[in-house]
Amino acid sequence: MAAAIFSFFIINKSGGLIFYKDYGSAGRMDTNDSLRLASLWHSMHAISQQLSPTVGCSGIELLEADSFDLHCFQSLTGTKFFVVSEPGAQHMESLLKVIYELYTDYVLKNPFYEMEMPVRCELFDINLSQAIQKDRVALLGR
């Protein structure tokens, strides 16, 4: 069985891509494509909040397509975390919350990290890889 997660993104509240990791082997994106996708998602998310007939809508949380699903979690500060996964992948919301906890623990508490800037933190990378791997193992075990 292939890995459930193709890629992971973090977008700051201004719509800038601050972290990107590719986990899929087919169809790798170059840097410009990942920047365009992050910017497009930020815009679509903001527009959906304004156009939603539901009062208090926080934007798109799941985008389902034939070949992938895009799951999004937005923190209270406006930072967006999203994964592109296989269609029908389960428990992505809880994985995104675990990743958000890793982000707060290893990035935001890092005294050398500047807000809204690209994430370059080795401990975050290591723990993110472990969380993704744990999720893959859980999917294989079902």
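Remember, predicted model here, so these are calculated numbers, not experimental data.

Engineer: Report on the pattern of salt bridges, specifying residues and quantitative values.
Structural biologist: Under the definition given, this model contains two salt bridges. One salt bridge in this structure joins R36 and D33, with 2.5 Å as the shortest N-O distance. Of this pair, R36 and D33 both sit in helix α1 (residues 31-51), three residues apart, which is roughly one turn of the helix. With a relative accessible area of 52%, R36 lands in the exposed category. The class of D33 is partly exposed, set by a relative accessible area of 30%. Across the pair D105 and K109 runs a salt bridge whose closest N-O atoms are separated by 3.2 Å.

Engineer: Go over helix α2 (residues 92-108), please, and point to the residues and values.
Structural biologist: With 17 residues, α2 extends 22 Å between its outermost C-alpha atoms, agreeing within 8% with the 24 Å of an ideal straight helix rising 1.5 Å per residue. Of the positions making up α2, those classed as buried are M92, L95, L96, I99, L102, Y103, T104 and V107.

Calculation criteria
- Residues numbered from 1 in each chain as written.
- Predicted model: local features only at pLDDT ≥ 70, side-chain atom pairs only at ≥ 80, totals over all residues.
- Heavy atoms only, no water.
- Salt bridge = Lys/Arg side-chain N within 4 Å of Asp/Glu carboxyl O.
- Helix = DSSP H or I, 4+ residues; strand = E, 2+ residues; numbered from the N terminus.
- Buried < 20%, exposed > 50% of the residue type's maximum accessible area, 1.4 Å probe, protein only.
- Expected span 1.5 Å × (residues − 1).

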